[in-house]
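A look at the structure
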Amino acid sequence: MSAALDSFLARAEGLLTRLEAVMPHAATPPDWAASTAFRARRRHGALCLEPVRAISRIRLADLQEVEPQKEKLLRNTAQFVAGRPANNVLLTGAKGTGKSSLIKAVLNEFADRGLRLIEVDKADLVDLPDLVEQVAARPERFVVFCDDLSFDEGEASYKALKSVLDGSVAAASDNVLIYATSNRRHLLPEKMVDNLAGTRGEHGEIHPGEAVEEKISLSERFGLWISFYPFSQNEYLAIVAQWLRHFGLDDAAIEAARQPSLVWALERGSRSGRVAYQFARDLAGRGE
């Protein structure tokens, strides 16, 4: 009898150990002095903030041909850091034009004035209300950074983000803003069928316009939209020259690189800032 009881207790203890491993744990506060940027990661069922040890060193001066976009984001962030009203920001437009890089550069510009960045993956946006609550009492100013954002219909993270932006019964914390990037302005897919929903038989939408409005309502909750556009050839060449200078090449080498940089862009099918940077890294790395 005793052996059977011991066996039962051992099995019960093993079961409890396995349950503890998968049960949510209370989030451990991060070491706020360890970094100016953090990543939200799920650990043991809880969303934890992990310091980023190696932060991108990109500066505002490194970003060329996006002066209007730079000025808007700088102004909004300066207001936020100073404790004045500021807006959540949606940066949209052509790929490789500097949307994410601009946010990283703004962090480097204002980090010494208390700005901090928290990068959150789309899948973890369902925990965004808890994250906002976790930092609400901190003295720093936090930008929640969502990169390359878009949603499929029915995703839970869509509703969580929408609620935090504007719609929850709880007031938004005044030390948190959301900066998101996307290649498209309307973050939910829009389909031709949405326009035909009212005429597609008994299962169609009675008010199809309302269905379309729902799909664009998330974007409209961002107070500031900043649009990025494809670069012209001259703009692309100016960006190439800037990055080549950054890597230490002289004016003669930069002039000689014009044609190869255009061929590089043609092969990649894009004259973006990202392609210009990749060309400059390749050329500088070859040491020619």
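One can find the structure itself at the top, above this paragraph.
In this report, we go over the structure that sits alongside the text. Values in this document were obtained by computation on a predicted structure and should not be read as measured data.

Scanning the protein from N- to C-terminus turns up 11 helices and 7 strands. Relative to its full complement of 288 residues, the protein shows a buried share of 41%. In the protein, of all internal contacts separated by at least 6 residues, the share reaching a separation of at least 24 is 74%. When the accessible surface of the protein is summed, it comes to about 16200 Å², and 52% of that surface belongs to carbon and sulfur atoms.

Further remarks concern the nonpolar core. L73, L91, L102, L115 and L244 are the most contacted members of the largest nonpolar core, which totals 43 residues. Looking at this core element by element, the count peaks at 7 residues for helix α8 (residues 233–246). Beyond its immediate sequence surroundings of up to four residues, L244 is in contact with L249, I254, A257, F279, A280 and L283. A40, I118, L131 and V135 belong to the second-largest nonpolar core, a separate cluster that totals 23 residues.

Take unusual backbone geometry next. Phi is positive for E65, which is not a glycine, with a value near 65°. Tracing the sequence through the fold places E65 in the loop between β2 (46–51) and α2 (67–81).

Our next topic: the pattern of salt bridges. For the structure shown, the criterion picks out 6 salt bridges. With a closest N to O distance of 3.1 Å, E67 and K70 form a salt bridge. Taken together, the residues E67 and K70, both in helix α2 and 3 residues apart, mark about one turn of the helix. Given the relative accessible area of 44%, E67 is considered partly exposed.

The subject of this paragraph is the sheet that holds strand β6 (residues 176–182). Overall, mixed pairing links the 7 strands, which are arranged β2-β1-β4-β5-β6-β3-β7 in an open sheet. A single partner strand is all that each edge strand has here, and the edge strands are β2 and β7 (224–228). Averaged over all adjacent pairs, the angle separating strand axes in this sheet is 25°, with direction ignored. The strands touched by α2 within the sheet are β3 (89–93), β4 (115–119), β5 (141–146), β6 and β7, with β7 carrying the most contacts at an inclination of about 150°. Along the sheet, helix α4 (residues 128–135) makes contact with β1 (37–43), β2, β4, β5 and β6, crossing β2 at roughly 55°.

It is worth spelling out α8 at this point. The first and last C-alpha atoms of α8 sit 20 Å apart over 14 residues, in line with the 20 Å expected at 1.5 Å per residue. Listed in full, the buried residues belonging to α8 are Y236, L237, I239, V240, A241, Q242, W243 and L244. Its buried side turned inward, α8 meets α9 (251–256), α10 (258–268) and α11 (273–286). Downstream of α8 by one or two residues, G248 has phi in the positive range, about 90°.

Relative to β4, β1 is paired through 3 bridges, and the arrangement is parallel. Within the sheet, the bridge partner assigned to R39 lies in β4 and is E119.

As a further point, take α11. Between its terminal C-alpha atoms α11 stretches 20 Å, which fits the 20 Å expected from 14 residues at 1.5 Å a residue. Along α11, the residues classified as buried are G273, V275, A276, F279, A280 and L283. Relative to the axis of α11, the buried residues are bounded by an arc of 160° and lie together on one face. Backbone geometry just after α11 places G287 at a positive phi near 70°.

A separate point is the side chain of S100. By the secondary structure assignment, S100 is in helix α3 (residues 99–110). Among the polar contacts made by the side chain of S100, one reaches the side chain of D147 at a distance of 2.5 Å. Each residue touching S100, except ones within four places of it in the same chain, is listed here: F145, D147 and T181.

This part covers the pairing of β5. In terms of residue burial, β5 counts as a mostly covered element, since 6 of its 6 residues are buried. The alternating pattern of β5 places R141, V143 and F145 and F142, V144 and C146 on opposite faces, both of which are buried. Pairing analysis gives 5 bridges linking β4 to β5, with the strands arranged parallel. Residue L115 lies in a different strand from β5, and its bridge partner there is R141.

Let us look at the packing of α8 against α10. Orientation of α8 relative to α10, taken along the N-to-C sense of each, is 115°, at an axis distance of 10 Å. One way to sum up the angle between α8 and α10 is to call them roughly perpendicular. Seen from above, α8 lies across α10 with right-handed handedness. Facing α8, whose interface residues are Q233, Y236, L237 and V240, α10 presents R258, S261, L262, W264 and A265.

Cut-offs used in this document
Counting of residues starts from 1 at the beginning of each chain's written sequence and follows it residue by residue. Reporting of local features is limited, given that this is a predicted model, to residues whose pLDDT is at least 70; pairs of side-chain atoms are given and counted only at 80 or more, and all residues count toward the totals for whole chains, interfaces and linings. By convention in this description, side-chain values take in all heavy atoms of the structure and omit both hydrogens and water. A run of H or I in DSSP becomes a helix once it reaches four residues, and a run of E becomes a strand once it reaches two; helices and strands are each numbered from the N terminus. Burial here depends on accessible area, computed with a 1.4 Å probe over protein chains only, as a share of the maximum for the residue type. Under 20% is buried, over 50% is exposed, and the range in between is partly exposed. Contacts are assigned to residue pairs with any non-hydrogen atoms lying within 4.5 Å of each other. Throughout, the Shrake-Rupley method with a 1.4 Å probe supplies accessible areas, and for residues the shown protein chains are the sole cover considered. Joining through side-chain atoms within 4.5 Å is the link that ties buried Ala, Val, Leu, Ile, Met, Phe, Trp, Tyr and Cys residues into a set, and such a set is a nonpolar core. A side-chain nitrogen of Lys or Arg and a carboxyl oxygen of Asp or Glu constitute a salt bridge if their distance falls within 4 Å. Note: two strands are recorded as paired if DSSP finds a minimum of 2 bridges between them. Axis definition: a line fitted to C-alpha atoms, limited for helices to the stretch in contact. Angles are taken between N-to-C directions and run from 0 to 180 degrees. Between the first and last residue of a helix there are one fewer steps than residues, each counted as 1.5 Å, and that sum is the expected span. This arc corresponds to the set of directions leading from the helix axis out to the C-beta atoms. Any pair of N or O atoms that falls within 3.5 Å is considered a polar contact. Within protein, one atom must be able to donate a hydrogen and the other to accept it, and sequence-neighbouring residues count only if both atoms are side-chain atoms. An angle below 35 degrees is treated as roughly parallel, one above 145 as roughly antiparallel, one from 65 to 115 as roughly perpendicular, and anything else as oblique. The handedness criterion is simple: a crossing whose near helix is rotated anticlockwise from the far helix by less than a right angle is left-handed, and one whose near helix is rotated clockwise is right-handed.

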